[in-house]
Structures are given as structure tokens and as C-alpha cells.
Amino acid sequence: MASAVNLRFRRSAAQLHALAGVEREIRAQDSHSRGKYLREFTQAFRSYDSVLDSQQLHDALHAADVVLIGDYHALPVAQRYAATLIEQRALAGDRPVVLGVETIFARDQHILEEWWRREIDESELRQRIRFDLDWGYDWTPFYELLVAARDHGEAIYALDCMPRGDLRRAPVHDRHAAGRIAEIRMRHPNAVIMVLFGESHLAPGHLPRILRQCLPDQRLLTVLQNVDALYWLAAGESCQQVYAVRVTEDVVCVFNSTPLEKYESYRLCLDRWTEAESDAPDLTPAVYNLINGLVQFLNINCYSPHNGTQPKLLVDLLPEVYCHPSDTALRKLLLAVDEPSACAVVLKCLEERGSAYVARTNTLFIREFQLPYAAQEVGRFLHHACRGLPENRGLNSDRHLGPDDAMYTRALETALVALAARVLCPFGTSLVSTESAVDADSLGLALGHGLYRAYERGSIGRTVLRRLFLTRLREPGTARKTYREAARKAGISAHRYL
């Protein structure tokens, strides 16, 4: 078994390559990222005491009177996780639940209450609290949180005050929020108070310290989400996935996203705020950044002029990234290259996963950046690019293969797609076969996950993985032979899959 340090490095390498580019862009656009208040948060959470399983996390949440949930505003999963906690805590049935939110100014409490009483609808609420003007992040996950609190909770309270945008005044917001939470406790003496507030406010010396002064007899629990240092540290644990860790007695951190996904979300927000077409952010840099991360992980030279151990001029084979394609535009493009059967498949992928790569046109269509799925399509592109993109060049080399070769060719593609997803997003959504019998997809998934586990253990290195991407599969029997050899190196049982 690899040591914790080696395991951490192997799991994090590709993501760190991709993350570096995103962080450079953010630093260039956001001067606040280096401020004292944010540094105090970062420095406060560098290590943890222990790994928590789901029951231990449940028990910690159940014992608290006030739960402070850290919000990374640009990441929708952060708000959706808060909605899940509210629903789960309310369903326990022992105490009512009240929600407090930073997103809405306390001055607009009456508007929130009108919506609570169903006197105004969603659009009027959004307009009157000036959500897009004063907040500017994604409305949908925040509104889902409000709906969850209205459906399962006893009340919702607005906690923030003006002015926003100046972190030097962040302590003022902390004191204001603590006072509001103390008022909520007086109005709801038996309720569990759940508060969603910007993560930087949850450093021990920020909002939690003031709140303890206001409510000294309350059991306070801080729930952080996806703190970078803790995420990278947890990547060295021997278990396949760490869901949560206990930082201190009254602080836990849950992992429902990756640092790369966090910062890509924020970069997209920055782009949206600076572009006129705010409803259609440019997702191209996010896709190319993932490609770059995977390419660097595999030690591929994008500028190599020769085939062999490197793809030839990969830099010239980068896909067109078609953002937010309409159904009509998509059908027109695919019909132009005689791919009518691909339309339904691509549209389904876009609907369910947000992205889809089409090798025949060397185009990656994307409507929503969901890191685990985007990583899969990036892996699919790189597999075809390393093979010379035969579909794009009109060779159609796979179409004359016999059934056995075709199955193993597809199995290898599925394996490399699954491998790329695990490399770029180790704890993200894994591909799962829906077939009970052994078919190309189940063969591929078994190999892909087996290769990643072997890489984690240190049984195989990146050179082996790169060679798999580069293997040409045009000759009869090559795909089956390549699969068998890769399965042997991955330690997959031959009698089951071959």
C-alpha cells in the first residue's frame, strides 16, 4: 500500500496541474483573495483530528443548538448541501429548524416574510431583494435552499447588513449577524438554528467567537465545506473517499466538491460579472484547463512533431468547445457530417451531464460545467486525439472492425474515460455500468477503475497510462490484446472479464 504522502500526491497530481491555471486567473481579477481576513480563515484550518463516517457526522449535527454552515458562494453544491441538512434535521422530528442566511439584508426581512406567506412569487422575491444586483451568484441553488426551509422549517431570517464588498468591514458583519442570531434564539427558544454564511466568516476568531459571547450556553457546531488544506490532507487517507473530518471538538469539514470545481465555479462567476452576456458564461477556458491538467499529468508534450511516445502536435488537435448549444444548432452540425444517430445521444448527455464530446467533429459541447462529467469528456477527447482522431480525418477506422474488436475498442475508450474522471476528480461521480451482463461498458469500467486503483497503489506509473492513450487500435486483434495486457497490469481477474 502506498504511503499517505505518496497516495496524496497520486490522487492530487492532475487536479493540481489544472488548478494552477485557474488560480492564476482568479488572482489577476480578484485582489481580495490575498486579504488579511481571508488569510486568517485559511491559516485556521490546516489539519484535522480524525475522519468521520456518516453516523458520526449525523450525531455531531444532531447534538448542536446552532449550526454555522460555511458557504462558498460561487459553488451551487454548497447551498444545496445546506438545504439537505435542513431537511434531514427537520425530519428527525425532535426540534423545529430555523434558517438564517447572509444572502439577504436584514432590512429586507419583510419581503422574505411576504414570500414565506406566499403573498409574492419567486420572481418578485428575487427582484425586490435585489439578488442579482447586490449578490450576483447563482439564484437557483439559493432559491432551492429557501424552498427547503419553507417546506421543512419554522422560519427564515435575513442576517446581513450594508455595505458589502469591503472585507475590512467584515467584523462589522460578524457582529451584526451574531446579534441577529441571538434575537432568533429569543424568538425560537427550542429550535435548531442553521446559519449559511460565507466560509471566511467562520474562522474561530470571527463570527463563532462573537456568537459564543452572545450565546454562551448554546452548543455551537461549525460545518465547513471543502476547505483546500483539509481536502488535500484527506487525499492521503487509505479509504477510497473521505466524506467528512473532525477538525476540532466543535468544527467539522465535509467534502462534497473538489478545489478545482470550487475555483472553476468562482472563475466562471468573475467572467460572468465582467461580460455583457451574463446568462451564457464562456466555459471554453474551463474545458481547456482540464485538458491541460490531464495532459501534464500524463507527461504529454503538446508540441511534439512526431508520433510514437507522444501524440503528434496535440496543440493543433484541441477540440472546438461549443458552449450552450441549442438543440437546433446541434442537430444542424451533426447532420452536416452525416451523424443523425448521434443527435439523441448527445442531447441526452447534455441534459443529464452537461457536456458531450463528438469525435467525428472534434467538438466538445457543453451547457453546464459539472466537473466529474466534463472530466470524462476530456478523457474521451484525449483518447481520440492520441489515436489521431481517425473519425475527424475521414478514416472511420473503427467502422470496419469485427464485433470482437469493436467491443474491446469501445471497452478501452470507456476505461480511459473512467480513468480520466478519477484522475481529475478522485472523489467525484464515478461511471457505473447499467448492464448486468459483461458488455463493452462493463469491461471498460472494470479496467478503468482497476487502472486507477493500481496507480494509487503505485503498481503502475503514468508512463503505462500514457501508452494506453496512445495505442492505435486499427489492426484486428489489437484492441483485445491491449485490453488483456492492461487488465493484467491492473490486477483484474482475467476469467471474469475476458
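Residues numbered from 1 in each chain as written. Predicted model: local features only at pLDDT ≥ 70, side-chain atom pairs only at ≥ 80, totals over all residues. Heavy atoms only, no water.

Participant: Mind showing me how you'd approach the confidence of the model for the chain here?
Facilitator: Atomic detail in the predicted coordinates should be set aside for any region of low pLDDT. Across the chain, pLDDT averages 87, with 89% of residues at or above 70. Low pLDDT (under 50) marks residues 392-396, which in the prediction has eleven contacts with non-local residues, meaning those over four places away or in another chain. (pLDDT = per-residue confidence, 0-100. Contact = heavy atoms within 4.5 Å.)

Participant: Would you take a moment to explain the side chain of Gln-225 for this structure?
Facilitator: Mapped onto the secondary structure, Gln-225 falls in strand E6 (residues 220-225). Among the polar contacts made by the side chain of Gln-225, one reaches the main-chain carbonyl oxygen of Ala-78 at a distance of 3.2 Å. Reaching out from Gln-225, the side chain makes a polar contact with the side chain of Asn-256 at a distance of 2.9 Å. When near neighbours in sequence (up to four residues on either side) are disregarded, Gln-225 contacts Ile-69, Gly-70, Val-77, Ala-78, Tyr-81, Glu-199, Cys-253, Val-254 and Asn-256. (Helix = DSSP H or I, 4+ residues; strand = E, 2+ residues; numbered from the N terminus. Polar contact = N/O pair within 3.5 Å; in protein donor to acceptor, adjacent residues only side chain to side chain.)

Participant: Would you explain the sheet that holds strand E11 (residues 363-366) in this entry?
Facilitator: Judged by pairing direction, the sheet is mixed, and its three strands sit side by side in the order E9-E11-E10 without closing on themselves. The two strands at the open ends of the sheet, each matched to only one other strand, are strand E9 (320-323) and strand E10 (355-358). Recorded for the sheet is a direction-independent mean angle of 20° between the axes of neighbouring strands. Judged from the four bridges that link them, E10 and E11 form a sheet pairing that is antiparallel. The partner of Ser-355 across the bridge, within E11, is Ile-366. Those strands touched by helix H14 (residues 327-336) are E9, E10 and E11, and its axis lies near 165° from that of E11. Docked against the sheet, helix H16 (residues 371-386) engages E10 and E11, running at close to 10° with respect to E10. (Pairing = 2+ DSSP bridges. Axes fitted to C-alpha atoms, helices over the stretch in contact; angles between N-to-C directions.)

Participant: Just checking my understanding: could you explain the pattern of salt bridges for this structure?
Facilitator: When the charged atoms of two side chains lie near each other, side chains of opposite charge can form a pair. Evaluated as defined, the whole model comprises 23 salt bridges. Close ionic contact of Arg-130 with Asp-134 constitutes a salt bridge, the shortest N to O distance being 3.0 Å. Judged by its relative accessible area of 39%, Arg-130 is partly exposed. Judged by its relative accessible area of 23%, Asp-134 falls in the partly exposed class. (Salt bridge = Lys/Arg side-chain N within 4 Å of Asp/Glu carboxyl O. Buried < 20%, exposed > 50% of the residue type's maximum accessible area, 1.4 Å probe, protein only.)

Participant: Would you mind going over the pairing of E10 with me for this structure?
Facilitator: Along a regular strand, successive side chains alternate from one face of the sheet to the other. Taking every second residue as pointing to the same face, both faces of E10 are buried, with Ser-355 and Tyr-357 on one and Ala-356 and Val-358 on the other. Hairpin remark: E10 followed by E11, antiparallel, with four residues in the connecting loop; positive phi at Asn-362, about 50°.

Participant: I'm lost on the packing of aromatic side chains in this one. Help?
Facilitator: The geometry of two aromatic rings is summed up by the distance between their centres and the angle between their planes. For the coordinates displayed, the defined rule picks out 16 aromatic pairs. Residues Phe-297 and Tyr-455 carry aromatic rings whose centres are separated by 5.4 Å and whose planes lie at 80° to one another, so their mutual orientation is edge-to-face. Of this pair, Phe-297 sits in helix H13 (residues 284-297) while Tyr-455 sits in helix H18 (residues 440-457), placing them 158 residues apart in sequence. With respect to burial, Phe-297 and Tyr-455 carry one shared label: buried. Members of the aromatic cluster, joined through ring pairs, are Trp-115, Phe-131, Trp-139, Phe-142 and Tyr-143. Its end group placed over the ring of Trp-115, Arg-150 keeps NZ or CZ at 3.8 Å from the ring centre. Of note, Lys-262 hangs over the ring of Tyr-72, and the distance from its end group to the ring centre comes to 4.9 Å. (Phe/Tyr/Trp six-rings, centres within 6.5 Å; stacked < 30°, edge-to-face > 60°. Lys NZ or Arg CZ within 6 Å of the ring centre and 35° of its normal.)

Participant: What is the right way to read the pairing of strand E2 (residues 66-71) from this model?
Facilitator: For E2, the tally of buried residues reaches six of six residues, placing the bulk of the element in the interior. The alternating pattern of E2 places Val-66, Leu-68 and Gly-70 on one face and Val-67, Ile-69 and Asp-71 on the opposite face, and all of these are buried. Pairing geometry for E2 and strand E5 (residues 192-198), over six bridges, is parallel. By the bridge assignment for E5, Val-66 is matched with Ile-193. Bridge count for E2 against E6 is four bridges, and the pairing is parallel. Residue pairing in the sheet places Leu-68 in a bridge with Thr-222 of E6.

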